[in-house]
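# Coordinate analysis (summary)
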Amino acid sequence: MRIELEKRPQVSKLYAFVSPLLALVLTLIFGAVMFAMLGKDPVEALDAFFLEPLLEVWSLHELAVKAAPLILIAVGLAVCYRSNNWNIGAEGQFTIGAITGSYIPIIFYDWHSPLVLPLMLILGALGGALFAAVPALLKAHFNTNEILTSLMLVYTAQLFLDWLIRGAWRDPKGFNFPVSRDFAPEAIVPAIWEESGRAHWAFIFAIIAAVLVWFMMRFTLKGFEIVVLGQSERAGRFAGFSSKKMIWFSFVFSGALAGLAGICEVSGSIGHLQPAISPGYGFTAIIVAFLGRLNPLGIIASGLVLALTYLGGEAAQLSIGVSDKVTRVFQGLILFFVLSCDTLIYYKIRIVWSRVRGGAA
Amino acid sequence: MSIFEAILLTVITASTPLVIAALGELVTERSGVLNLGVEGMMIMGAVAAFAGAQISGSPYVGIICGIAAGALFSLLFAFLTLTLVANQVATGLALTLLGLGVSGQLGEPYVSVPGIQLKEIVIPLLSDIPVIGPVLFKQDLIFYLSIALLFGVSWFLFRSRPGLKLRAIGDSHGSAHALGIHVIRTRYLAVMFGGACAGLAGAQLSLVYTPQWVENMSAGRGWITLALVVFASWRPWRVFAGGYLFGAVTILQLHAQAFGLGIPAQFLSMLPYAATIVVLIIISHNRRTTLINTPASLGKAFVPER
């Protein structure tokens, strides 16, 4: 048995829409098999994982809490990936954004002013942007592989946070626990609808960012530049676009969004700095970006789906007693199926059963 | 044993997984396939080796499980990128994310279970040589395998006919196909070889380096491996030298932590990652030499015309 591919004369519009859905269905089927192998009732497990979290108001709030950083980061990454710049270090930019944004509420904790929160958000975005500028600089001027450098910086960022929290920024009244002092109320990103749950303004920022980037990609020259340079650097150069400037733009832009996500997370959801501030949002956002077909509006939907895997993991841990590692497995599976289903968009797939070879192949 | 010998021994232990995984990835990349999933394959090898050793009671069964896990897991990557021509970068990332998830799930029952360490094999006579004897000839099987791999891979790539074909595919898959070389089949084998090596490297981590199972215990080594291949400009001996350089940095920072130089431990732990970045800058800043050394078809999908 062999699989043969035949290039479609035109990109299939139908499959471009169907393929992420098909990927989700395949993930569910594989998930059911996995639960069965773990000795759980697949229907009950999938229900606990993917449906129950959607049935209560408070857990819908939790969904928004978890989707916000994913969407914010993924929208930035989509700009990078569209322009063929592979920023894999969003987790590090998220961490640094959380640190720089926390500077004011930790160091100037006596300063009470309505300016505190806006300044924090700006500092967070700046920190993420600056940290992302490092792999951009290295790629633009030293021709260094940005995948590897941005990823190495994730580890350094996490170690830096660890050092800060165990040293200079540790709460003097924290009984030696590695946490910073709690943020004052004016340094907290406000909740959207406090009476019913925790969801805060980060989710609104995420939606605004996604819509703005969608508009930019679709209707502005910058968006055109991103797509052209991403598809062919040479063609872009003939059009007068600079690939070096695009490296800077895409990295700084995605870094700023990741940094903003970082400060929103520590301020809105956690309330202080601690050594572990992210369950891998920066890496999961890569999946979100691809599942959303690198389209900002698609990313809103895929961000919600991936947020559901986090929630489902927590819920399934409690209700059916599987480890929360299942979350990561689901996330990996989704990305795998998205990538394989995408083949359908560009190629017709034929399965050849005979052993006889066709043509010269 | 002198302190010098002790340090040398730990450097070897820290370098061996890097060398093994990098040699595997080197063969994969020489065939024109960029597999960024080394971290995922390595961690799968680590958990499979640990589980295999626990179940059977023998670390050697563990090694075989590690190799098999790495190779099988890489098959997933090969199917997606070679048969379904999916984007190699994205698929490699997917492989890593999936590997970290699946290994965490599979390793759950083995957390804080005492591991089975691989015993060293003493080579008679040679191990009696002062200083280098006990360091080089009183080692575990995986170290000897890493040396055999070094000679094997360099012989295969530059002295054998299939190796020549593999390099031809990596440099121009179109021409190689026109000459009647099986591009896809060779690449499948090259990817699986890379996966087997990454699995063996993972087995070293959970059977020799720290004989236990800890989630995410590969700690970015798979990514450092990828940097090593670039660093070595796709040459086996330079991979070897680079692997030992990085192993030495890792160990020296550990010793520096123990001596307490007044530098915070976290900053010393950053050293291997920082060193990777610095080395990448030094190697890549000359665009022309990088282009000459890189396999020309690296990362490009191949769809045979019919």
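Residues numbered from 1 in each chain as written. Chains lettered and ligands numbered in written order. Predicted model: local features only at pLDDT ≥ 70, side-chain atom pairs only at ≥ 80, totals over all residues. Heavy atoms only, no water.

## Comments concerning the overall build of chain A
- Regarding its fold elements, chain A presents 13 helices and two strands.
- Relative to a compact globule of 361 residues, whose C-alpha radius of gyration would be 21 Å, chain A shows 22 Å and is just as compact.
- Oriented by its inertia axes, the alpha-carbon framework of chain A measures out at about 80 × 60 × 35 Å.
- Sequence-distant contacts, at least 24 apart, represent 77% of the contacts inside chain A between residues at least 6 apart.
- Carbon and sulfur atoms make up 67% of the accessible area of chain A, which amounts to about 15,900 Å² in all. (Helix = DSSP H or I, 4+ residues; strand = E, 2+ residues; numbered from the N terminus. Rg over C-alpha atoms; globule rule 2.2 N^0.38 Å. Contact = heavy atoms within 4.5 Å. Areas by Shrake-Rupley, 256 points an atom, 1.4 Å probe, with all protein chains shown as cover.)

## A few points about the overall build of chain B
- Secondary structure summary: chain B contains 13 helices and two strands in total.
- For 306 residues, the compact-globule formula gives about 19 Å, and the C-alpha radius of gyration of chain B, at 19 Å, lands near that figure.
- Principal axes of the C-alpha set define a box for chain B whose edges measure 65 × 45 × 45 Å.
- Counting across all 306 residues of chain B, residues that qualify as buried make up 56%.
- Counted over contacts in chain B with a minimum sequence separation of 6, partners at least 24 positions apart contribute 76%.
- Summed over its atoms, the accessible surface of chain B is roughly 12,400 Å², and 70% of this surface lies on carbon and sulfur atoms.
- Counting 16 positive and 11 negative side-chain charges, chain B places the averaged centre of each group 16 Å from the other. (Buried < 20%, exposed > 50% of the residue type's maximum accessible area, 1.4 Å probe, protein only. Lys, Arg positive; Asp, Glu negative; His and termini not counted. Charge placed at Lys NZ, Arg CZ, Asp CG, Glu CD.)

## Focus on helix H13 (residues 326–346) of chain A
- Here H13 of chain A contains 21 residues, and its C-alpha end-to-end distance of 32 Å stays within 8% of the 30 Å for a straight helix at 1.5 Å per residue.
- Within H13 of chain A, 19 of the 21 residues are buried, which leaves the element mostly enclosed by the surrounding structure. (Expected span 1.5 Å × (residues − 1).)

## Brief notes about a negative patch on the surface
Residue and element names in this part refer to chain A.
- Taken together, the side chains of Asp-41, Glu-44, Glu-52 and Glu-56 present a region of like negative charge at the surface.
- Structurally, Glu-52 is set in the loop between helix H2 (42–51) and helix H3 (57–82).
- Overall, Glu-52 belongs to the partly exposed group, its relative accessible area being 41%. (Patch = residues over 30% accessible without salt bridge, like charges linked within 9 Å, V, L, I, M, F, W, Y side chains within 5 Å. Salt bridge = Lys/Arg side-chain N within 4 Å of Asp/Glu carboxyl O.)

## Overview of helix H7 (residues 202–219) of chain A
Residue and element names in this part refer to chain A.
- Spanning 18 residues, H7 covers 25 Å between terminal C-alpha atoms, matching the ideal 26 Å at 1.5 Å per step.
- For H7, every residue scored as buried is listed here: Ala-202, Phe-203, Ala-206, Ala-209, Ala-210, Val-213, Met-216 and Met-217. Each buried residue of H7 sits inside an arc of 145 degrees when the element is viewed along its axis, so together they form one side. In this structure, H7 carries Leu-212, Arg-218 and Phe-219 as exposed residues pointing more than 90 degrees from its buried face.
- Buried residues in H7 make contact with H3, helix H8 (221–231), helix H10 (243–270) and helix H12 (296–319). (Arc of directions from axis to C-beta.)

## Section: the nonpolar core
- In this structure, Phe-35, Ile-71, Ile-73, Tyr-81 and Leu-273 of chain A together with Trp-223 of chain B are the most contacted members of the largest nonpolar core, which totals 192 residues.
- Here this core takes 16 residues from H3 of chain A, the largest share from any one element. (Core = buried A, V, L, I, M, F, W, Y, C linked by side-chain atoms within 4.5 Å.)

## A short note on the packing of aromatic side chains
Residue and element names in this part refer to chain A.
- Tallying each qualifying case throughout the model produces 27 aromatic pairs over all chains.
- Pairing Phe-35 with Phe-49 gives two aromatic rings, centres 6.0 Å apart and planes at 55 degrees, and the pair type is tilted. Highlighted residues: Phe-35 in helix H1 (residues 13–37) and Phe-49 in helix H2, separated in sequence by 14 residues. Note on accessibility: Phe-35 and Phe-49 belong to one class, buried.
- Between Phe-35 and Phe-330, the aromatic rings sit 5.9 Å apart at their centres with planes inclined by 45 degrees, giving tilted as the arrangement. Residue Phe-35 is located in helix H1, and its partner Phe-330 is located in helix H13; the two are separated by 295 residues in the primary sequence.
- What makes Phe-35 buried here is its relative accessible area of 0%.
- On the basis of relative accessible area, Phe-330 is assigned to the buried category, the value being 0%.
- Grouped by ring-pair contacts, the aromatic residues Phe-35, Phe-49, Phe-50 and Phe-330 constitute a single cluster. (Phe/Tyr/Trp six-rings, centres within 6.5 Å; stacked < 30°, edge-to-face > 60°.)

## Focus on the packing of helix H10 (residues 221–231) of chain B against helix H12 (residues 265–284) of chain B
Residue and element names in this part refer to chain B.
- Following both chains from N to C, one finds H10 and H12 inclined at 25 degrees, their axes separated by 10 Å at the closest point. The pairing of H10 with H12 is recorded here as roughly parallel in orientation. Here H10 and H12 pass one another in a crossing that is left-handed. Residues Ile-224, Ala-227, Val-230 and Phe-231 of H10 form the contact with H12, whose participating residues are Pro-272, Tyr-273, Thr-276, Val-279, Leu-280 and Ile-283. (Axes fitted to C-alpha atoms, helices over the stretch in contact; angles between N-to-C directions. Parallel < 35°, antiparallel > 145°, perpendicular 65-115°, else oblique. Left-handed = near helix turned anticlockwise from the far one by under 90°.)

## Looking at the UniProt feature "transmembrane region" (unreviewed entry) in chain B
Residues and elements named next belong to chain B.
- If you check UniProt for "transmembrane region" (unreviewed entry), the listed places come out as residues 31–53, 60–86, 141–158, 188–207, 213–232, 239–259 and 265–283 in our numbering.
- In residues 141–158, helix accounts for 100% and strand for 0%; the two terminal C-alpha atoms are 26 Å from one another.
- Its end C-alpha atoms 28 Å apart, residues 265–283 is made of 100% helix and 0% strand. (UniProt positions renumbered as here; feature names shortened; annotations may be inferred.)

## Some thoughts on the pattern of salt bridges
- Applying the stated rule across the entire model yields 11 salt bridges over all chains.
- Note that Asp-162 of chain A and Arg-166 of chain A form a salt bridge whose closest N and O atoms lie 2.9 Å from each other. Here Arg-166 of chain A and Asp-162 of chain A lie together in helix H6 (residues 146–166), a separation of four residues that amounts to about one turn.
- Owing to a relative accessible area of 40%, Arg-166 of chain A belongs among the partly exposed residues under this scheme.
- The partner of Lys-325 of chain A in a salt bridge is Glu-108 of chain B, and the shortest N-O contact between them spans 3.0 Å. Taken together, the residues span two chains, with Lys-325 of chain A in the loop between H12 and H13 and Glu-108 of chain B in the loop between helix H4 (88–107) and strand E1 (120–122).
- Judged by its relative accessible area of 33%, Glu-108 of chain B falls in the partly exposed class.
- A network of salt bridges, in which partner residues are shared, links Glu-4, Glu-6 and Arg-350 of chain A.

## Things to note about unusual backbone geometry
- Of note, the phi angle at Arg-293 of chain A is positive, near 55 degrees, even though the residue is not glycine.
- Its location among the elements puts Arg-293 of chain A in the loop between helix H11 (281–291) and H12.
- Positive phi is not limited to glycine here, since Asn-216 of chain B has a value of about 55 degrees.
- Among the secondary structure elements, Asn-216 of chain B is positioned in the loop between helix H9 (183–209) and H10.
- Classification of Asn-216 of chain B by relative accessible area gives partly exposed; the value is 42%.

## Re the interface of chain B and chain A
- Tallying the contact residues gives 50 residues for chain B and 44 residues for chain A.
- With both sides pooled, the region where chain B packs onto chain A buries about 4,300 Å², and carbon together with sulfur makes up 77% of that total.
- The set of elements that each furnish at least two residues to the side of chain B that touches chain A consists of helix H3 (59–83), H4, H10, H12 and helix H13 (287–293) of chain B.
- Among the elements that make up the side of chain B that touches chain A, the one with the highest residue count is H4 of chain B (12 residues).
- Looking at the side of chain B that touches chain A, its residues break down into 29 nonpolar, 15 polar and six charged. (Buried area = accessible area lost by both parts, 1.4 Å probe. Nonpolar A, V, L, I, M, F, W, Y, C, P; charged D, E, K, R; others polar.)

## What about the environment of Gly-101 of chain B?
- Summarising the element assignment, Gly-101 of chain B is placed in helix H4.
- Assessed through its relative accessible area of 1%, Gly-101 of chain B is described here as buried.
- C-alpha separation for the pair Gly-101 of chain B and Leu-80 of chain B, spaced 21 residues apart in sequence, amounts to 19 Å.
- Not counting the four nearest positions on each side in its chain, Gly-101 of chain B is found in contact with Lys-325, Arg-328 and Val-329 of chain A.

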